[in-house]
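A structural walkthrough
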Amino acid sequence: MSRVQTVTVEEGEGDQRLDRWFKRRFPQISQGRVEKMCRKGEIRVDGGRVKGATRLEVGQQVRIPPLPEGEAPPPPKRTRVSDADAKFIRACVIYRDDHVIALNKPPGLPVQGGSGQSDRHVDALSEALMFELDEKPRLVHRLDKDTSGVMIMARTRAVAQALTANFRHRETRKIYWAAVAGVPHPKNGQIKFGLVKAGGHGARGEGEKMIAVHPADIDATEGAKRATTDYAVLAQAGSRTCWAALIPVTGRTHQLRAHMAEIGHPIVGDGKYGGSGQENPGDGWGAQLGGDISKKLHLHARSLTVEHPVTKAILNLVAPLPEHMARTWETFQWSPADVPDDPFEEGWG
């Protein structure tokens, strides 16, 4: 038999049930035996009696009673994610259960690695989001690097398949918030320009972008795909800029950015589609407003509504604005409390 030992809950092991933590440390011990040791008070946390369902925190001390020889604990499973990055990505979690995790993805963080991207992206950092499960969450949809907001991930393969099908069949409702240059007229409308990819420069096509195609020319344009965006103006600052809600009815690459630029109202901070003009008084071109307004992209995935793949309940996930957009909203005295959750419902505006 081994001696009594004390094991510290390490970074990456917190916020999980004691019995699951114990099984990962001592895989040879049965669930029934873990529960029995808890009932008898042989397993203790920080000196106190616990149940198998007790959730552990990083830094706690777990008393391990004598175990049969050959059942020494294997080394804890380590991830490649630093403690700082683990703390960072966990702070982005806005919803979590046994099946899904939702993040408020920060602007500037890529979803995956790729050409010109670093190894620091959501997919890599998700190793720190396993919590009590054995596998990291799976991606089921994407956001552009500079777009912030709601991003849902699946915690199992089966859930990933179900969520992917929901996105493919448009059984989700995504509402984005944006600050755009000028004020579209009419204030509520639909954009139906097609989109075709234009090659970028470099060996891997860096800098590629989407080109808008008039609806009448889509069928005759090689590679063009139909795309539809609904928009609604929620508030404005004179004719200089406005707060718009956007719904990508279809899900094309850079759809919202390309569509808003095509109708003459590029998203603030969008140098790729909106030009580099530093000032836009409302009657000119350029996606920068100048002054104290951030030059970062002002596009945020505000909410995502989807049927939970397991419980079948309707999940309505909402993400607060990132810091640079919150400052812009404060500058123009735009308040989220003044608009409905879904401005596209009948009766708004």
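None of these values were measured; they are calculated from a predicted model. (Residues numbered from 1 in each chain as written. Predicted model: local features only at pLDDT ≥ 70, side-chain atom pairs only at ≥ 80, totals over all residues. Heavy atoms only, no water.)

Let us now look at unusual backbone geometry. Residue Pro186 is reached from His185 by a cis peptide bond, and omega for that bond is 0 degrees. Looking at where Pro186 falls in the secondary structure, it is placed in the loop between strand S9 (172–181) and strand S10 (188–191). Positive phi is not limited to glycine here, since His254 has a value of about 55 degrees. Tracing the backbone through its elements, the reader meets His254 in the loop between strand S14 (241–248) and helix H6 (255–262). Notably, Lys312 is not glycine yet its phi reads approximately 70 degrees, a positive angle. (Helix = DSSP H or I, 4+ residues; strand = E, 2+ residues; numbered from the N terminus.)

Here the UniProt feature "active site" (unreviewed entry) sits at Asp144. With respect to the helices and strands, the residue Asp144 is situated in the loop between strand S7 (138–139) and strand S8 (148–154). Aside from chain neighbours lying at most four places away, what touches Asp144 is Lys105, His254 and Arg257. (UniProt positions renumbered as here; feature names shortened; annotations may be inferred. Contact = heavy atoms within 4.5 Å.)

Here helix H5 (residues 157–168) is 12 residues long and its end C-alpha atoms lie 16 Å apart, about the 16 Å a rise of 1.5 Å per residue gives. Directly beyond the C-terminal end of H5, a positive phi value near 60 degrees is found at Arg170. (Expected span 1.5 Å × (residues − 1).)

Centre distance and the angle of the planes are the two values used to describe a pair of aromatic rings. All told, the structure shown has seven aromatic pairs when counted by the stated rule. Measuring from centroid to centroid gives 5.0 Å for Trp177 and Trp243, while their planes differ by 75 degrees, and the two rings are edge-to-face. Of this pair, Trp177 sits in strand S9 while Trp243 sits in strand S14, and the two are 66 residues apart along the sequence. Trp243 shares its class with Trp177; the two are buried. Through successive ring pairs, a cluster of aromatic residues spans Trp177, Trp243, Trp329, Phe332 and Trp334. Residue placement shows Arg96 over the ring face of Phe131; its charged tip is 3.8 Å from the ring centre. Sitting over the ring of Phe88, Arg120 keeps its end group 4.5 Å from the ring centre. (Phe/Tyr/Trp six-rings, centres within 6.5 Å; stacked < 30°, edge-to-face > 60°. Buried < 20%, exposed > 50% of the residue type's maximum accessible area, 1.4 Å probe, protein only. Lys NZ or Arg CZ within 6 Å of the ring centre and 35° of its normal.)

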